[in-house]
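Letter by letter, the chains look like this.
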Amino acid sequence: MQHFEVIGGNRLKGEINISGAKNAALPIMAATILVEGETVLHNVPDLADVRQMQTLLARLGVKSRRDDEGAMHLTVEDEMNAHAEYELVSKMRASVCVMGPLLAKRKRAQVAMPGGCAIGDRPIGLHIQGLRALGADFELVNGDVLLRAKRLTGSDIFLGGPFGSSVTATANVMMAATLAVGRTVITSAACEPELVDLAEYLNACGACISGYGTPEIVIEGVLSLRGTEHRVIPDRIEAGTFLIAGAITNGDLELIGARIEHMRAVVDRLRCVGVIVERGEKGIAVSSSRRLEPVMITTQPYPGFPTDLQAQAMALLCLADGNSVITEKIYPDRFLHVGELNRMGAHLRKEGPTVIIEGIKRLVGAPVMASDLRASAGLILAGLIAKGTTLVHRAYHIDRGYERIEEKLARVGANIRRVDAP
Ligand code: EPZ
């Protein structure tokens, strides 16, 4: 088991290269099930979740490999299997993205229900509702969703859920609709940049999708799709994590490749905190050299403040000059990091889906436990500024969504290393 050892107190200074977006790469990899011929994807990050998706796709007859330049080549070689089994799906919720492509291309999809995880319940009712609206028959068989359809027919589909839009449900329905007969209109669709990237990949393969990036997406079904070459967008959540790393250490960073237009809500909140964030020559520049102002943050679907940066923002606001409030509207239980930050001397109080953050002068290093990908990142950020040493256990959570985070941080002055512990 590995953990990160972080010794706090260093200001971060320099440039960090931002990797490709995990949450764009995963659905695009799943979408290759739909296409004839080879797809070549550039800027796919080297992450545990990406390797997990390659394993799942291999089981589904999609061969993938990296070439010497790191580009990923994916080709469908066998369409017999349409069953994404529990032992694979339970390891990564994003596996659910194969459901729409399997149904549309192989007329059948058997996908294990993903179950819950550390951030809360992860239902897929909207996915099923959307695919049934395209004409699929649905059955629940031993914890698997079984969907079948000789032919999918375009339809008007409302995809709004109790917590707003759903990113991967929008992905699934949009992918399936590309090969349906006729027009599909998805209303209350998710607008995340990762879905825009997916739609642009599909259109480059010959799909006919418009309105993506808005709450109303229109898909005109086509007969077939052909593989293409595509470059995955930069990861706005990784970039947001490093923006906050620059802010929390009163540092001076430039995030190479980051796209400020994907991060308006995050930039807005950081500027309210008193952090300087500007469009740089090569990406986004962040610097901070003053006490931080307290703010209110509410997580929302894009373009609102992303839930995937909630833990990281909480670490920053522990040191603000006053009381801040964070309300989590997407995953109301996504607060396992609260107890761990309090172990580091933070003054956090959870009141339902809201946490009151009383600003303090200093965090103190401690052994802490990571619970999910983004909470782990928040604990590392807290360790960067805490007095003394912080040990963030269960490093594997971080490796799911960040490419060699300790190397990227150490290169700009952080005192952090990965430790193999018995
Ligand atoms: C995507 O998950 C991301 N994952 C998550 O990132 C991210 O936190 C989430 O969107 C919200 O932005 C990928 O893109 C692979 P949702 P997804 O369906 O699609 C409820 C990370 O750290 N809901 O948009 O699974 C759901 O319970 C991960 O990279 C239903 O009610 O999230 C949640 O409250 C963590 N019914 C809300 O909608 C459904 O059928 C948003 O979920 C589906 C979702």
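Since we're looking at a predicted model, the values are computed, not measured.

1. Regarding unusual backbone geometry
For step 1, the next point in the chain: Pro303 follows Tyr302 through a cis peptide bond whose omega is 10°.
For step 2, the next point in the chain: For Asn250, which is not glycine, the phi dihedral falls at a positive 50°.
For step 3, the next point in the chain: Assignment of secondary structure puts Asn250 in the loop between helix H8 (236-248) and strand S17 (252-256).

2. Things to note about the domain arrangement of the protein chain
For an interface, size is often stated in terms of accessible area lost upon the parts coming together.
For step 1, the next point in the chain: Entries for the protein chain in the domain assignment read domain 1 (2-19 + 234-420) and domain 2 (22-231).
For step 2, the next point in the chain: Computed from C-alpha atoms alone, the centre-to-centre distance between domain 1 and domain 2 is 30 Å.
For step 3, the next point in the chain: Counting residues at the interface gives 25 residues for domain 1 and 21 residues for domain 2.
For step 4, the next point in the chain: Across the domain 1/domain 2 interface, buried area totals approximately 1,800 Å², and carbon plus sulfur atoms make up 53% of it.
For step 5, the next point in the chain: Considering only the side of domain 1, the residues that lose the most area to domain 2 are Tyr302, Tyr331 and Arg400, jointly responsible for 31% of the buried surface there.
For step 6, the next point in the chain: Viewed at the interface, domain 2 and domain 1 are joined by three salt bridges.
For step 7, the next point in the chain: On the surface where domain 1 and domain 2 come into contact, there are seven residue pairs in polar contact (both at pLDDT 80 or more).
For step 8, the next point in the chain: Taken together, the residues of the side of domain 1 that touches domain 2 sort by class into nine nonpolar, four polar and 12 charged.

3. Some words on the pattern of salt bridges
For step 1, the next point in the chain: Throughout the structure, instances matching the rule amount to 25 salt bridges.
For step 2, the next point in the chain: The residue Arg404 makes a salt bridge to Asp46 at a minimum N-O spacing of 3.7 Å. With a gap of 358 residues between them, Arg404 in the loop between helix H13 (396-399) and helix H14 (405-410) and Asp46 in the loop between strand S4 (38-42) and helix H2 (48-59) connect regions that are remote in the sequence.
For step 3, the next point in the chain: For Arg404, the salt bridge is made with Glu407, and the minimal N-O distance between the two is 3.5 Å.
For step 4, the next point in the chain: The class of Arg404 is partly exposed, set by a relative accessible area of 37%.
For step 5, the next point in the chain: What you see here is one network of salt bridges that share partners, running through Asp46, Arg51, Arg404 and Glu407.

4. Looking at helix H12 (residues 373-385)
Helical periodicity: at 3.6 residues per turn, an α-helix aligns residues three or four positions apart in one direction.
For step 1, the next point in the chain: For H12, a buried count of 13 out of 13 residues is recorded, marking the element as mostly surrounded by other parts of the structure.
For step 2, the next point in the chain: For H12, the N-terminal cap is Asp372; the gap from its side-chain oxygen to the backbone nitrogen of Arg374 is 2.9 Å.

5. Looking at the environment of Glu77
For step 1, the next point in the chain: Looking at where Glu77 falls in the secondary structure, it is placed in the loop between strand S6 (72-76) and strand S7 (83-84).
For step 2, the next point in the chain: We classify Glu77 as exposed; its relative accessible area is 58%.
For step 3, the next point in the chain: Each C-alpha atom, one on Glu77 and one on Lys63, is 6.6 Å from the other, the two residues being 14 residues apart in sequence.
For step 4, the next point in the chain: Once residues within four sequence positions are removed from consideration, Glu77 is found in contact with Gly61 and Lys63.

6. Regarding the site of the ligand
For step 1, the next point in the chain: Lining the immediate environment of the ligand, one finds 25 residues, of which Arg93, Ser166, Thr168, Asp308 and Ile330 sit closest.
For step 2, the next point in the chain: Separating an oxygen atom of the ligand from a side-chain N or O atom of Ser166 is a distance of 2.7 Å.
For step 3, the next point in the chain: Between Arg374 and the ligand, the recorded distance is 2.9 Å, taken from a side-chain N or O atom to an oxygen atom.
For step 4, the next point in the chain: Starting from 820 Å² of accessible surface for the ligand in isolation, the protein chains cover 90%.
For step 5, the next point in the chain: Sorting elements by how many residues they give to the shell around the ligand places helix H5 (residues 125-133) first, with three residues.
For step 6, the next point in the chain: When grouped by side-chain class, the residues that make up the shell around the ligand number 11 nonpolar, seven polar and seven charged.
For step 7, the next point in the chain: Both of domain 1 (2-19 + 234-420) and domain 2 (22-231) provide at least three residues apiece to the shell around the ligand.

7. Quick notes on the sheet that holds strand S24 (residues 367-369)
For step 1, the next point in the chain: In spatial order, the strands read S24-S25-S1-S26; together these four strands make up an open sheet with mixed pairing. Every interior strand has two partners, whereas the edge strands, S24 and strand S26 (415-420), have only one. Sheet twist, expressed as the average angle between the axes of neighbouring strands with direction ignored, equals 25°.
For step 2, the next point in the chain: Packing against the sheet, H12 makes contact with strand S1 (2-7), S24, strand S25 (389-393) and S26, and its axis sits at approximately 30° to S1.

8. Observations concerning the environment of Gly164
For step 1, the next point in the chain: Mapped onto the fold, Gly164 is located in the loop between strand S11 (156-158) and helix H6 (167-177).
For step 2, the next point in the chain: Considering only alpha carbons, one finds Gly164 and Arg65, 99 residues apart in sequence, at a separation of 36 Å.
For step 3, the next point in the chain: If we skip the residues at most four places from it in the chain, Gly164 touches Leu159 and Pro301.

9. Side note on helix H4 (residues 99-106)
For step 1, the next point in the chain: Counting buried residues in H4 gives eight out of eight residues, a clear majority hidden from the surface.
For step 2, the next point in the chain: When we look at burial in H4, the residues that qualify are Met99, Gly100, Pro101, Leu102, Leu103, Ala104, Lys105 and Arg106.
For step 3, the next point in the chain: Directly beyond the C-terminal end of H4, a positive phi value near 65° is found at Lys107.

10. What to know about the sheet that holds strand S10 (residues 144-148)
For step 1, the next point in the chain: Pairing in this open sheet of four strands is mixed, and the strands run S7-S8-S10-S9 from one edge to the other. Only two strands of the sheet have a single partner each, and these edge strands are S7 and strand S9 (137-141).
For step 2, the next point in the chain: The pairing of S9 with S10 spans five bridges and is antiparallel. Bridge assignment links Phe138 to a residue of S10, and that residue is Leu147.

11. A look at the nonpolar core
For step 1, the next point in the chain: One finds Met53, Val98, Met99, Met174, Leu198 and Leu202 to be the most contacted residues of the largest nonpolar core, which totals 75 residues.
For step 2, the next point in the chain: Here Val98 is in contact with Ala30, Ile33, Met53, Leu56, Leu57, Leu60, Ala84, Val111 and Asn172, once residues within four sequence places are set aside.
For step 3, the next point in the chain: The next biggest cluster of nonpolar side chains, apart from the first, holds 72 residues, and it includes Ile248, Leu348, Ile405 and Leu409.

Basis of the calculations
Residues numbered from 1 in each chain as written. Predicted model: local features only at pLDDT ≥ 70, side-chain atom pairs only at ≥ 80, totals over all residues. Heavy atoms only, no water. Helix = DSSP H or I, 4+ residues; strand = E, 2+ residues; numbered from the N terminus. Domains from an automatic or database assignment. Contact = heavy atoms within 4.5 Å. Buried area = accessible area lost by both parts, 1.4 Å probe. Salt bridge = Lys/Arg side-chain N within 4 Å of Asp/Glu carboxyl O. Polar contact = N/O pair within 3.5 Å; in protein donor to acceptor, adjacent residues only side chain to side chain. Nonpolar A, V, L, I, M, F, W, Y, C, P; charged D, E, K, R; others polar. Buried < 20%, exposed > 50% of the residue type's maximum accessible area, 1.4 Å probe, protein only. Near = heavy atom within 4 Å. Areas by Shrake-Rupley, 256 points an atom, 1.4 Å probe, with all protein chains shown as cover. Pairing = 2+ DSSP bridges. Axes fitted to C-alpha atoms, helices over the stretch in contact; angles between N-to-C directions. Core = buried A, V, L, I, M, F, W, Y, C linked by side-chain atoms within 4.5 Å.

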